[in-house]
Amino acid sequence: ASAKSNMAFHTSAPNEAMVVSGMFHTRPKLVTGGRVWVWPWIQKIQRISLNLLTVNVNSPRIYTKLGVPISVTATAQVKIEGSKSNMLHTACQQLLGKTENEILQVATETLEGHQRSIMGTMTVEEIYQDRQKFSVAVFEVASRDLVNMGITVVSYTIRDVSDDQGYLNALGMKRTAEVQRDALIGEVEARKDAGIREARANQDRMKAKFVNDADIAKSQRDYEVNKAIYDIEVQTKKAEADLAYDLQAAKTKQRIRNEQMGIKVVEREKSIEVMEQEISRKERELEATVKRPAQAEKYRLQTLAEANKTKLILEAAAEAESIKAKGEAEAFAIRAKAQADALAMEKKATAWHEYKDAAVLDMYLKVLPKIAAEVSAPLCKAEKVTMIAGADGEIGAARLTNEVINIIAKLPAAVQQLTGVDITKSLTSTA
C-alpha cells in the first residue's frame, strides 16, 4: 500500500518546495509550486516550507560601547529563498527535515547574536537617536550569515529601546531641562527686547510728530507760495494757449493740405507703378509668345544643321573608309590572284619545259572533244539543214559528218602555226 502511494505524481503548494532524491538524480531535484513523478523504493520525496517567518529578536541588558546596559527589542521577517536554485539547495542541505519552529529558532539565535554584537560597538545615544543606522548594520551583517543557510532577511525593524538604570530618562530630562532653560531665557530676552523696542517706538513717535508738525507748517507755506506762482503761470499758459491754438490750427490746416498733396503724389506713383508693371507684363508676354519661340526655333534649326553637318561628315568619313578598305581588299585580291596566276603559269611553264610535246599532246587530246562539241553545237540547234552537193560530192548525213571532221582536221595545222608544235608528228612519234 505504501509503495502504491509513493508511485504517483506529487504536487506542491506555492508556499513549499518538494525535494526528490535517489536514483536518476546526482543532485536533489527541487520543485516549487508544481508536480513531480516519484518512483517507489528508489526515490524519496521531502518537503520544505517557504513560508514567511516572524522573528522576535530580544537583547536584554547588553552593554554598549561606553558600558551602559540597555535592552533592544526588534522584529524581523525571514524566509527560505525559493526563487534562487543555489540558495534553495543550500537550505535543503542545512535545514531539510526541520520544522518551522526549528528553522525559526536558528534564525532567531543568528539575529540575536548579531544584534548584541552591533550594540557593543555603538553608544546609547547612537542607538537611541539613529535607529536607522543601527537597523541597517544589523540587517547587513545578519543577512550575510543567513544567506549562507539559504535564508533571506526580508525586513528588520527596531520596536523598542529601554534600560533599567534610568539612563534614557536622564537623557530625556537633560534635554527637557535644556529646552525649558532656553525657553525661559528666550522669554526674558523677548520681554527686554519688547520694552526697549517700546521705548524706542515712543521716542520715535514723538520725534516723528514734531517733525511732522514742522513739515506741515512748511508745507502750508510752500503751498501758498507755490499757489501764487502757479496762478501766474496758469494765466501765462492760458494766454500762450490761446495764441498757440490759432497757430496750431493754421499748422493743422497746412498739414492737412500737405497730406492731401502727399496722397495725390502717392496715387500718381501707384499709377506709374501700375503702368510700369503693365509694360513689364507686356514685355514678358511678348518675350514668351514671340521672342522665346523664335529663339527656340532658331536653336532647333541650328541643332538640326549641326546634326546634318555631323551626319554628312561622318557618312563621308565612313564612305572614305569603306572605299579605302574596299580598294585595299581588291588590291589584295588582285595581287593574290596575280601571284596565283603567275605561280600557275610558272608551274605550267616548268611542266611544259619538262614534258614539251607530250604535255602539249596531252592538252590537245583533252581539248579536242570540247572543240568538236563547240563545232557541232550550232548544227545541233538548227531545226532544218539543207545540204547542197556537187555531182561528185557526198549527200545526206555523211556529208554533214565529213564537214565536222574536216573542220577538226584543220586544227593541228592551226596549233602548229600558233605554237610551233606539230601535233601530228608528236602523235606519230608517240605511237
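Shown above is the structure to which this text applies.
1. What about helix 2 (residues 85–95)?
Link 1 in the chain: Within helix 2 the residues assigned to the buried category are M87, L88, H89, A91, C92 and L95.
Link 2 in the chain: Once helix 2 finishes, G97 follows within two positions and takes phi at roughly 95°, a positive value.

2. Considerations on empty space enclosed by the protein
Link 1 in the chain: Applying the stated criterion across every chain, the model contains one cavity of 30 Å³ or more.
Link 2 in the chain: Roughly 30 Å³ of volume is contained in the largest cavity.
Link 3 in the chain: S49, N51, L53, I80, E100 and I103 are the residues that line the largest cavity.

3. Examining the sheet that holds strand 2 (residues 16–22)
Link 1 in the chain: One open sheet accounts for three strands, arranged 3-2-5; its pairing is antiparallel. The strands lining the two open edges of the sheet, one partner per strand, are strand 3 (29–32) and strand 5 (43–49). Neighbouring strand axes in the sheet, compared pairwise and without regard to direction, differ in orientation by 25° on average.
Link 2 in the chain: Running over the sheet, helix 2 touches strand 2, strand 3 and strand 5 and is turned about 110° from strand 3.

4. Side note on the sheet that holds strand 8 (residues 151–162)
Link 1 in the chain: The three strands are arranged 6-7-8 in an open sheet whose pairing can be described as antiparallel. One side of each edge strand has no neighbouring strand; the edge strands of this open sheet are strand 6 (53–63) and strand 8. Neighbour-to-neighbour, the strand axes of this sheet turn through a mean angle of 20°, independent of strand direction.
Link 2 in the chain: Note: strand 6 against strand 7 (residues 69–80), nine bridges, orientation antiparallel.

5. Section: the side chain of E81
Link 1 in the chain: Tracing the backbone through its elements, the reader meets E81 in the loop between strand 7 and helix 2.
Link 2 in the chain: Of note is the side chain of E81, whose polar atom sits 3.2 Å from the side chain of T152.
Link 3 in the chain: If we ignore the near neighbours within four places in the chain, the residues touching E81 are M87, L88, G150 and T152.

6. Considerations on unusual backbone geometry
Link 1 in the chain: Of note in this structure, R61 is not a glycine but carries a positive phi near 50°.
Link 2 in the chain: Take R61: it is sitting in strand 6.
Link 3 in the chain: Here R61 falls in the partly exposed class, since its relative accessible area comes to 38%.

7. A short note on the pattern of salt bridges
Link 1 in the chain: Summed over the entire model, instances satisfying the criterion amount to nine salt bridges.
Link 2 in the chain: Salt-bridge contacts for K270 lead to E273; the nearest nitrogen and oxygen are separated by 3.8 Å. You can see K270 and its partner E273 sitting in helix 6 (residues 167–355), three residues apart, about one turn around the helix.
Link 3 in the chain: The partly exposed category is assigned to E273, whose relative accessible area is 36%.
Link 4 in the chain: For E285, the salt bridge is made with R281, and the minimal N-O distance between the two is 3.3 Å.

8. Quick look at the pairing of strand 2
One face of the sheet, then the other: side chains in a regular strand alternate in exactly this way.
Link 1 in the chain: Counting buried positions along strand 2 yields five of seven residues, so the element is predominantly enclosed.
Link 2 in the chain: As paired strands, strand 2 and strand 5 are joined by seven bridges and run antiparallel to one another. Bridging from a neighbouring strand, M18 pairs with R47 of strand 5.
Link 3 in the chain: Inspection of the sheet shows strand 2 paired to strand 3 by four bridges, in the antiparallel sense. Bridge pairing in strand 3 places V19 opposite L30.

9. Quick word on the nonpolar core
Link 1 in the chain: In terms of nonpolar packing, the biggest core is built from 38 residues, with I70, V78, I80, L111, F134 and I151 touching the most fellow members.
Link 2 in the chain: If you list the elements that add at least two residues to this core, you get strand 2, strand 6, strand 7, helix 2, helix 3 (100–119), helix 4 (124–129), helix 5 (131–147) and strand 8.
Link 3 in the chain: Looking at this core, the element that brings in the most residues is strand 7, giving six residues.
Link 4 in the chain: Beyond its immediate stretch of four places on either side in the chain, V78 contacts N51, L52, L53, V55, A107, L111, L146, I151, T152, V153 and V154.
Link 5 in the chain: If you look at the next biggest cluster of nonpolar residues, it comprises five residues, including M18, V31, V36 and V38.

10. Thoughts on the environment of V161
Link 1 in the chain: Positionally, V161 belongs in strand 8.
Link 2 in the chain: Residue V161 is classed as buried on the basis of its relative accessible area of 6%.
Link 3 in the chain: Between the C-alpha atom of V161 and that of V124, which follows or precedes it by 37 residues, the distance is 9.3 Å.
Link 4 in the chain: Those residues within four positions of V161 in sequence are excluded, and the remaining contacts are I70, S71, V72, I127, Y128, R131 and L168.

11. Let's talk about the side chain of Q77
Link 1 in the chain: Inspection of the secondary structure puts Q77 in strand 7.
Link 2 in the chain: Q77 gets classed as buried once you look at its relative accessible area, which sits at 18%.
Link 3 in the chain: Within the structure, the side chain of Q77 is placed 2.9 Å from the side chain of T54, a separation counted as a polar contact.
Link 4 in the chain: Non-local contacts of Q77, meaning those with residues more than four positions away in its chain, are made with L52, L53, T54, T152, V153, V154 and S155.

Definitions and cut-offs
Residues numbered from 1 in each chain as written. Predicted model: local features only at pLDDT ≥ 70, side-chain atom pairs only at ≥ 80, totals over all residues. Heavy atoms only, no water. Buried < 20%, exposed > 50% of the residue type's maximum accessible area, 1.4 Å probe, protein only. Helix = DSSP H or I, 4+ residues; strand = E, 2+ residues; numbered from the N terminus. 1 Å grid on protein atoms, 1.4 Å probe; cavity = no way out; pocket = protein on both sides within 12 Å on 5 of 7 lines; lining within 4 Å. Points joined across faces, edges and corners; volume = space filled by probe spheres on them. Pairing = 2+ DSSP bridges. Axes fitted to C-alpha atoms, helices over the stretch in contact; angles between N-to-C directions. Contact = heavy atoms within 4.5 Å. Polar contact = N/O pair within 3.5 Å; in protein donor to acceptor, adjacent residues only side chain to side chain. Salt bridge = Lys/Arg side-chain N within 4 Å of Asp/Glu carboxyl O. Core = buried A, V, L, I, M, F, W, Y, C linked by side-chain atoms within 4.5 Å.

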